[in-house]
Amino acid sequence: MKRMLSGIKPTGRVTLGNYIGAIKPFVSYQDEYEMFIFIANLHSMTIYQEPKELRQNTRDLIALYIAAGLDPDKVTLFLQSDVYEHAQLGWYLGCMVSMGELSRMTQYKDKASKLGKDESIGAGIFNYPSLMNADILLYDPDYVPVGEDQKQHVELCRDIAERFNKRYSETFKIPEPLVSKVGGRIMDLQNPTKKMSKSEETNKGTIYILDDINVSKKKIKSAVTDSDSHIHYDPINKPGISNLLEIYSIISNKSIEDIEKQYDGCGYGVFKTDLAEVVGAELERIQARYKEITTGSYLDDVLAAGAAKARPVARKKLAKVERKIGITIKKR
Ligand code: TYM
């Protein structure tokens, strides 16, 4: 079985973009791949998190993975902070990447460009990719499924793995980023040229998975489209309707072509109303399951079992790295 690994940060409330880009696809992968999925809570510390909210967001995220259909008996689901090897390998790999490489990362450049004049950027956000490289390389995955925005980080990870292998001999498998053609970049419903994100300023264009379902349906019905009425997939010229077609396709498991045929000549109003129902039904199913699994100690048990499965894999790889680089001083 080939191996897959991915992570998601517990910052803010989970959006439909996260769900479509990085939660729902994993449900279909879990029977075909050996999967490691973790909550990137160390990465979330790169921006200040109110402790109570961080706790709640972390629990919500684990619950949402399971509510979406991930089976903790099949998938290793764990917290990044429970496996100390991530931080340790992150340090070694941080010593192998250049300032130039880190400063070319779009995520860092974006954050840096949005700073107010009296604000300064944390060192954690700059060195973010080193920890991400460790997350990945500890587990030798074949594939790293991510949204479009994280592809550059996985490419840097490949470079660093190759650098390490060349310097110290073959140690890490070179991972492939896996970005879905449909759903890899879900756009803001009010501004379809911008990624749907967690930040509050885009509230009207963002659907939150645990929000009131009627509010979400309204957001879909008032999504920005264009002045035409032809339901056709063309992300360059018709970004609004194309985004809605992607959402429809992923949630309903139908191809975009089939949906185009189904709505041929129908106009945007009918299409949006139906999509609101399709998304509403999916959210209802997830929210019901979320309620069931957030009572009692179930989530804590899942995380304990997940960390117990992840640790030996990470420990073995870190031990190998430490022998190769000369940190381990025992001869054998
Ligand atoms: P994060 O939490 O920002 O995003 C989690 C995943 O969701 C994807 N995503 C989207 N996909 C489609 N449309 C959108 N609008 C959208 N917004 C977000 C992201 O691409 C991502 O796949 N650095 C990672 C977390 C991480 C990680 C890792 C991932 C840490 N270590 C190792 C893979 C492997 C991140 O920023 O996640």
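Residues numbered from 1 in each chain as written. Predicted model: local features only at pLDDT ≥ 70, side-chain atom pairs only at ≥ 80, totals over all residues. Heavy atoms only, no water.

> Could you clarify how one ought to interpret the overall build of the protein in this entry?
Regarding its fold elements, the protein presents 15 helices and five strands. In terms of overall dimensions, the protein is globule-like: its C-alpha atoms have a radius of gyration of 21 Å, near the 20 Å expected for 332 residues. The buried share of the protein, reckoned over its 332 residues, is 50%. Nonlocal contacts in the protein, meaning residues at least 24 apart in sequence, comprise 75% of its contacts between residues at least 6 apart. Summed over all atoms, the accessible surface of the protein reaches about 16,200 Å², with 51% contributed by carbon and sulfur. (Helix = DSSP H or I, 4+ residues; strand = E, 2+ residues; numbered from the N terminus. Rg over C-alpha atoms; globule rule 2.2 N^0.38 Å. Buried < 20%, exposed > 50% of the residue type's maximum accessible area, 1.4 Å probe, protein only. Contact = heavy atoms within 4.5 Å. Areas by Shrake-Rupley, 256 points an atom, 1.4 Å probe, with all protein chains shown as cover.)

> I would appreciate a short explanation of the environment of Val97 in the present structure.
Residue placement: Val97 occurs in the loop between helix H5 (85-94) and helix H6 (99-103). Taking the relative accessible area as the measure of exposure, Val97 reaches 12% and is therefore buried. Beyond its immediate chain neighbours, meaning those up to four positions away, Val97 contacts Leu102, Asn127, Ser130, Leu156, Ile160 and Arg163.

> What is the right way to read unusual backbone geometry from this model?
Leaving glycine out, the prevailing phi sign among residues is negative, and the prevailing peptide bond configuration is trans. The phi dihedral of Asp140 falls on the positive side, at around 50°, and the residue is not glycine. Within the secondary structure layout, Asp140 lies in the loop between helix H9 (128-137) and strand E4 (143-145).

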